[in-house]
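Report on the structure
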Amino acid sequence: MHVSTYLGLLRHAEGALADAFDQIGEGHGDEPDIVQLCELLAGKSRAHVERLQGAAHRYGEDADNEPERLKAAEFGGARSGGVGLLRDLQDLYALASFVDVTWTVIAQAAQGLRDPDLLEAATACQTETSQQLTWLNTRIKQAAPQALIAAS
């Protein structure tokens, strides 16, 4: 069964997303909302990793380095300045989108497996991931004008 591959992929991706939120929060501490919200959103991703424990125990979990490759390509540390913040938020959005669609895959597998516990976890965690994406999208909209058209 290949569900173990996707469980491993998702757990690693959620962990990478949590770490990325931490990096961006720490790197942009001069922005009033960034630190607190990135800390909160990192916590949600870490809780998602924990929610997958039972499914990983039932179906196994294959290690997959794809999220680390994605993270390595995007997060060498927080960038500085307004444009740096904008780019960091876009990178977070890309990683959160990957997590979101992977929750969709897991939800479909849960339906096929007739696993109500996994389906409930996937539904709840995907809802929270959508909230992460909504905040990121809103924050990108706030950051873009100032970063792109304000005088340096």
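What comes next is a walk through the structure. It should be emphasised that the depicted structure is a prediction, and the values quoted were computed from it without experimental measurement. (Residues numbered from 1 in each chain as written. Predicted model: local features only at pLDDT ≥ 70, side-chain atom pairs only at ≥ 80, totals over all residues. Heavy atoms only, no water.)

Let us look at the overall build of the chain. Check the secondary structure of the chain and you find six helices and zero strands. Overall, the chain shows an N-to-C arrangement of helices and strands of α-α-α-α-α-α. With 152 residues in all, the chain has 41% of them scored as buried. Long-range contacts, defined here as pairs at least 24 residues apart, represent 81% of the contacts in the chain between residues at least 6 apart. A total accessible area of about 7800 Å² is found for the chain, and carbon and sulfur atoms account for 52% of it. (Helix = DSSP H or I, 4+ residues; strand = E, 2+ residues; numbered from the N terminus. Buried < 20%, exposed > 50% of the residue type's maximum accessible area, 1.4 Å probe, protein only. Contact = heavy atoms within 4.5 Å. Areas by Shrake-Rupley, 256 points an atom, 1.4 Å probe, with all protein chains shown as cover.)

So, about the nonpolar core. Residues Phe21, Leu89, Trp103, Ile106 and Trp135 are the most contacted members of the largest nonpolar core, which totals 37 residues. Put simply, the parts of the chain that give this core at least two residues each are helix 1 (3-27), helix 2 (34-51), helix 5 (81-113) and helix 6 (116-149). With eleven residues, helix 5 is the largest single contributor of residues to this core. In contact with Trp103, not counting residues within four places along its chain, are Leu10, Glu14, His48, Leu52, Ala121, Ala122, Cys125, Gln126 and Thr129. (Core = buried A, V, L, I, M, F, W, Y, C linked by side-chain atoms within 4.5 Å.)

Attention shifts here to the pattern of salt bridges. Scanning the model with the defined rule gives eight salt bridges in all. Of the charged contacts in the structure, one is a salt bridge between Glu120 and Arg51, with a shortest N-O distance of 2.4 Å. Of this pair, Glu120 sits in helix 6 while Arg51 sits in helix 2; the two residues are 69 residues apart in sequence, bridging distant segments of the chain. Given the relative accessible area of 37%, Arg51 is considered partly exposed. A salt bridge links Asp115 to Arg58; the shortest N-O distance between them is 3.0 Å. Pair noted here: Asp115 is in the loop between helix 5 and helix 6 and Arg58 is in helix 3 (residues 53-59), with a separation of 57 residues, a long-range link. Judged by its relative accessible area of 6%, Asp115 falls in the buried class. What you see here is one network of salt bridges that share partners, running through Asp19, Asp22 and Arg46. (Salt bridge = Lys/Arg side-chain N within 4 Å of Asp/Glu carboxyl O.)

Glancing now at the packing of helix 1 against helix 2. Each packed pair of helices is defined by two parameters, the angle between the axes and the distance between the axes. In the contact formed by helix 1 and helix 2, the axes pass within 8 Å of each other and the chain directions differ by 165°. Compared by their axis directions, helix 1 and helix 2 come out roughly antiparallel. Crossing handedness for the pair helix 1 and helix 2: left-handed. Along the contact surface, helix 1 presents Arg11, Glu14, Gly15, Leu17, Ala18, Asp19, Phe21, Asp22, Ile24 and Gly25, while helix 2 presents Ile34, Val35, Cys38, Leu41, Ala42, Ser45, Arg46, His48 and Val49. Classifying every residue of the contact of helix 1 with helix 2 gives ten nonpolar, four polar and five charged. (Axes fitted to C-alpha atoms, helices over the stretch in contact; angles between N-to-C directions. Parallel < 35°, antiparallel > 145°, perpendicular 65-115°, else oblique. Left-handed = near helix turned anticlockwise from the far one by under 90°. Nonpolar A, V, L, I, M, F, W, Y, C, P; charged D, E, K, R; others polar.)

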